[in-house]
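Here is what each chain is made of, one letter per residue.
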Amino acid sequence: MTLIAQITDLHIRPSGKKAYGVVDTEAMLRAAVASIAAQPRQPDLVMASGDLTDCGLVEEYELLRDILKPLAMPVYLIPGNHDRRENMRLVFGGDGYLPMNGEFLHYTIEGHPLRIIALDTVVPGKGHGEMDAPRLAWLKARLDEQPDRPTMIFMHHPPFPTGLQHMDSINCRNAPAMAEILRGRTNIERVACGHHHRAIQIRWAGTVGSVSPSVAHQVVLDLLPHDDATFNMEPPGYHLHLWQPDAGLITHTAFIGHFAGPYPFLLDPDYPAFKDKDAAPVSHASAAATARKSR
Ligand SMILES: [Fe+2]
Ligand SMILES: [Fe+2]
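Residues numbered from 1 in each chain as written. Chains lettered and ligands numbered in written order. Predicted model: local features only at pLDDT ≥ 70, side-chain atom pairs only at ≥ 80, totals over all residues. Heavy atoms only, no water.

A. Looking closely at the packing of helix H1 (residues 25–37) against helix H2 (residues 58–68). Where H1 contacts H2, the axes come no closer than 9 Å and their chain directions differ by 30 degrees. With respect to H2, the axis of H1 lies roughly parallel. Crossing of H1 over H2 shows right-handed handedness. Where H1 abuts H2, its residues Glu26, Leu29, Arg30 and Val33 lie against Leu63, Leu64, Asp66, Ile67 and Leu68. Looking at the contact of H1 with H2 residue by residue, the classes come out as six nonpolar, no polar and three charged. (Axes fitted to C-alpha atoms, helices over the stretch in contact; angles between N-to-C directions. Helix = DSSP H or I, 4+ residues; strand = E, 2+ residues; numbered from the N terminus. Parallel < 35°, antiparallel > 145°, perpendicular 65-115°, else oblique. Left-handed = near helix turned anticlockwise from the far one by under 90°. Contact = heavy atoms within 4.5 Å. Nonpolar A, V, L, I, M, F, W, Y, C, P; charged D, E, K, R; others polar.)

B. Spatial organisation of the sheet that holds strand S2 (residues 45–49). Across the sheet, five strands lie side by side as S3-S2-S1-S14-S15; this open sheet has mixed pairing. Looking at the sheet topology across the chains shown, the edges are occupied by strand S3 (75–78) and strand S15 (248–255). The sheet shows a mean angle of 25 degrees between the axes of neighbouring strands, taken without regard to direction. As paired strands, strand S1 (residues 2–7) and S2 are joined by four bridges and run parallel to one another. (Pairing = 2+ DSSP bridges.)

C. Region of the structure containing the coordination of the iron ion (ligand 1). Around the iron ion (ligand 1), the protein contributes the donor atoms Asp9 (OD), His11 (NE2), Asp51 (OD) and His197 (NE2), which lie 2.1 to 2.3 Å from the metal centre. Around the iron ion (ligand 1) sit four donor atoms; with metal-centred angles ranging over 86 to 171 degrees, the donor geometry is irregular. Linear spacing of the donor residues for the iron ion (ligand 1) on their chain is D-x1-H-x39-D-x145-H. In this structure, the iron ion (ligand 1) is positioned 3.6 Å from the iron ion (ligand 2), and both are ligated by Asp51. A residue pair is termed long-range when its members are at least 10 positions apart, and Asp9 in the loop between S1 and H1 and Asp51 in the loop between S2 and H2 qualify at 42 residues. Neither residue differs from the other here; Asp9 and Asp51 are each classed as buried. (Donors = N, O, S within 2.8 Å, 3.2 Å for Na, K, Ca; no water. Tetrahedral: all angles 85-135°; square planar, octahedral: opposite > 155°, others 65-115°. Buried < 20%, exposed > 50% of the residue type's maximum accessible area, 1.4 Å probe, protein only.)

D. The arrangement of the pairing of S1 in detail. Counting buried positions along S1 gives six out of six residues, so the element sits mostly inside the fold. What you see with S1 is no split at all: Thr2, Ile4 and Gln6 on one side and Leu3, Ala5 and Ile7 on the other are buried throughout. When S1 meets strand S14 (residues 237–244), the two strands line up antiparallel, connected through five bridges. What sits directly across from Ala5, in S14, is Leu240. The handedness of the S1 to S2 crossover, carried by H1, is right-handed. (Right-handed = clockwise from strand over helix to strand, strands pointing away.)

Below, the structure is given as structure tokens:
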């Protein structure tokens, strides 16, 4: 079993500055970190899938490092269009998993039942991403190394369409060539992305594509074909990816915030399965016991 928390699009600014003059991304990431730390089952690792900072400044990465400190499990980073590779290397290079030579910040995470491939889709100075020839060759070589192991791919820019036209115009280019490499393989559990600031799923290249909501602001849900890009402050969230050998990859969206509950399932006597102990998530008797215990 492997449990991964995917946080994405953190857009950290220097302390005291808000992203776009509106979003307190530091406070929002601190809330995300607290939410992950409070999960009853602790993730084996956290993957932050790009747009870690808003401008790629050293100061922003240093603040990011400080905010992530309370997490007891390893945290892995990949860059997005708002990041700068050289400054990521400067602040996080010592963690040991980021390649310190070569252009791209690609790597694999071994040692878990689920293998993870982290891709760098960044085109410096551009909003869109790309899987160009060297990156495709690197991906193919990694996949060919262990063709039978369940594998999950993380990348910032989705290589698939989402119906959000203004975001799709800056997604990952050369995607058909990447799909060609994935298609026909049976071990690719998922291509998990960020960038679009919404929870999205799609069947793509013989596997499943997903986008995690941002831990900060969300892109407005507008599926009309136009180029107006706006964001709002819908509830932020992150994805919990649970890999089980008998089930494959199961993904939950966790919302970040303080919500009423939890409440016991106190069944009404008129409930059709009231006497069926197997049918109820929690029987009347055990719910009452739970209520007694919590008093
Ligand atoms: Fe973003
Ligand atoms: Fe992005």
